[in-house]
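Single-letter residue listing:
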Amino acid sequence: MSDLPNKDKKYSNDPHPSSKSNITHARFFDGFLGTLASIFKDKGVLLMLVIAPIIYGFFYPWPYRSEVVKEIPVGVVDYDRSELSKTITRYSDASPNLSVQPYASEQQALNAMYQDEIAGYLIIPSHLESDVYANKPAHVSVLGNNSYFLLNKQIQMGFTTAIGTVSAGVEIKRDVAKGAYFNNAEAGTQSVPLRIDPLFNRSEGYGAYVVPAVAILILQQTLLMGTALLIGTWYEKKQQNATILGWLGRILALGTVTFGMACFYYGWVFSFQNYPRGHNMLGSLLFMALYTPTVATLGCFLGMWFKERERSMQILIFSSLPMFFLSGYPWPVTQLPEPLQYVRWIFPSTSGMNASVQLNQMGASLTNVSSYIIHILALWAIAFILLNWIQYRQIKRQYHGR
């Protein structure tokens, strides 16, 4: 900074108190083109911004291809051995959720569950059939391994559907025996008909639920780490400083690369996996056009803060899970501790994941997600101010030899 001719005048009028020799990118297109060139010359940055999102796009949805858990191995302990108990076992085995194995005792079924041979079992007590037809209280028990709540839910649904169907048949036979017409007896088994129609994720698939939201987090984290990596490299080479227009060019270049990756997810990954998509594609792209520069600006600020190339990897790699759980997507926001309900707005992914899913999968309008858009714009403004502030502070310290 020895080439600053008049430090007092410089700092009082210029938000970037540096000489022109310290500015790597002074003009908008210098920042834009220079950043694009640096991205494709730096293998580490290219890996984070381009190659990693493509690899994630192929392999992350892969384990969830089946979408819904089916043919879960379960046991049936039949102490009654009646026609009714055999019907319950047969109907349970016919359920697409369940694959039934018989066991002679509850202890055998429990041992099988300990050895991961089954995920739950049904106990049919003795005298079930005689008690049912004698109109005496009777019940069967479903015991599932609730450590795996997803499996346990499917087991309960499978057994509940099977037993409900058998119970309805028993009710109809009983009413017909009392002289009722079959059609009237059949209608009487469900006085208030219920129909459940899932919206937006009609297959109720796990992949269709989790992958579109996590994809936004993947794009955010790779962009954050790649950007901080690049700025850290420039810092080590003393090429990190830029004018406001230069920073805007850099941010647009970094955001454009990840915007292209977002198009890859919206246009190919979700289509290939047959996830719900495209209900408001224009809105989705407009939102991503705001989201990616915001994340890039935050990455530039972090890169200037970390000052070292590898520091971003060391710190940001641990932040993905907290960001996901604080987004309000995997767990209701109202159930989070109150302080975390405020902390979650620090991260762009909170608005990114929710707005993206609502626009792309649920067909929401931009008006419906306007609060998320305002949040993203506010984050961009704050991050850009912080970015220029930290550059000003660093140049000022260098000038004063600290």
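Scroll up for the structure.
Quantities reported herein were computed from a predicted structural model and do not represent experimental measurements. (Residues numbered from 1 in each chain as written. Predicted model: local features only at pLDDT ≥ 70, side-chain atom pairs only at ≥ 80, totals over all residues. Heavy atoms only, no water.)

### What about the layout of surface pockets?
Reported here for the largest pocket is a volume of approximately 570 Å³. Considering the residues around the largest pocket, the lining is formed by 20 residues, among which Leu 150, Lys 153, Glu 204, Gly 205 and Tyr 206 are closest to the centre. Contributions of two or more residues to the lining of the largest pocket are made by helix H7 (149–177), helix H9 (206–236) and helix H13 (320–326). For the lining of the largest pocket, the residue count by class is 13 nonpolar, 4 polar and 3 charged. Considering only enclosed or pocket space, the second largest pocket measures out at about 350 Å³ in volume. If you list the elements that add at least two residues to the lining of the second largest pocket, you get helix H3 (43–59), H9 and H13. With 8 residues, H9 is the single largest residue contributor to the lining of the second largest pocket. For the lining of the second largest pocket, a count of residues per class yields 13 nonpolar, 3 polar and no charged. (1 Å grid on protein atoms, 1.4 Å probe; cavity = no way out; pocket = protein on both sides within 12 Å on 5 of 7 lines; lining within 4 Å. Points joined across faces, edges and corners; volume = space filled by probe spheres on them. Helix = DSSP H or I, 4+ residues; strand = E, 2+ residues; numbered from the N terminus. Nonpolar A, V, L, I, M, F, W, Y, C, P; charged D, E, K, R; others polar.)

### A word on the pairing of strand E3 (residues 120–124)
One face of the sheet, then the other: side chains in a regular strand alternate in exactly this way. Counting buried positions over the 5 residues of E3 gives 5, a clear majority of the element. Strand direction decides the pairing type here: strand E1 (residues 72–78) and E3, joined by 4 bridges, are parallel. In the sheet register, Asp 78 faces E3, and the bridge partner there is Ile 124. Sheet analysis places E3 next to strand E4 (residues 141–144), joined by 4 bridges and oriented antiparallel. (Buried < 20%, exposed > 50% of the residue type's maximum accessible area, 1.4 Å probe, protein only. Pairing = 2+ DSSP bridges.)

### As for the sheet that holds E4
Within the open sheet, the 4 strands sit side by side as E2-E1-E3-E4. Their pairing is mixed. The open sheet has two edge strands, strand E2 (98–103) and E4, and neither has a second partner. Across the sheet, the mean angle separating the axes of adjacent strands is 25 degrees when strand polarity is ignored. Note: E1 against E2, 6 bridges, orientation parallel. By the bridge assignment, Val 76 is partnered in E2 with Pro 102. Contacts from helix H4 (residues 83–94) reach E1, E2 and E3 within the one sheet, and its direction differs from that of E2 by about 145 degrees. Against the sheet, helix H5 (residues 106–114) touches E1, E2, E3 and E4, its axis set at about 170 degrees to E3. (Axes fitted to C-alpha atoms, helices over the stretch in contact; angles between N-to-C directions. Contact = heavy atoms within 4.5 Å.)

### Topic: the environment of Leu 199
Along the chain, Leu 199 turns up in the loop between helix H8 (182–188) and H9. Taking the C-alpha atoms as reference points, Leu 199 and Met 362, separated by 163 residues in sequence, lie 8.3 Å from one another.

### Digging into unusual backbone geometry
With phi around 65 degrees, His 127 is a residue other than glycine that occupies positive phi space. Residue placement: His 127 occurs in the loop between E3 and helix H6 (128–133). Its identity as a non-glycine residue notwithstanding, Lys 238 has a phi of 60 degrees, on the positive side. As for its position among the elements, Lys 238 is in the loop between H9 and helix H10 (244–272).

### Regarding the packing of aromatic side chains
Evaluation of the coordinates by the stated rule reveals 19 aromatic pairs. Taking 6.3 Å as the distance between ring centres and 70 degrees as the angle between the ring planes, the aromatic pair formed by Phe 59 and Trp 62 counts as edge-to-face. Residue classification places Phe 59 among the exposed residues on the basis of a relative accessible area of 52%. Judged by centre distance (6.2 Å) and plane angle (15 degrees), the rings of Trp 305 and Phe 306 are stacked. Residue class for Phe 306 comes out buried when judged on its relative accessible area of 12%. Through pairs of rings, three or more aromatic residues link up here, namely Phe 58, Phe 264, Tyr 265, Tyr 266, Trp 268, Phe 270, Phe 272 and Tyr 275. Over the ring of Trp 247 we find Arg 250, and its NZ or CZ is 4.5 Å from the ring centre. Geometry around Trp 345 places Arg 344 over its ring, the cationic atom sitting 4.4 Å from the centre. (Phe/Tyr/Trp six-rings, centres within 6.5 Å; stacked < 30°, edge-to-face > 60°. Lys NZ or Arg CZ within 6 Å of the ring centre and 35° of its normal.)

### Focus: H7
Over its 29 residues, H7 extends 41 Å from the first C-alpha to the last, a length consistent with the 42 Å expected when each residue adds 1.5 Å. Taken from the residues just after H7, Gly 179 is the one with a positive phi, measuring 110 degrees. (Expected span 1.5 Å × (residues − 1).)

### Here we look at the pattern of salt bridges
Throughout the structure, instances matching the rule amount to 4 salt bridges. Measuring nitrogen to oxygen at the nearest pair gives 3.1 Å for the salt bridge that ties Asp 30 to Arg 27. Its salt-bridge partner being Glu 310, residue Arg 309 comes within 3.9 Å of it at the nearest N-O pair. Note on Arg 309: relative accessible area 19%, which makes it buried. (Salt bridge = Lys/Arg side-chain N within 4 Å of Asp/Glu carboxyl O.)

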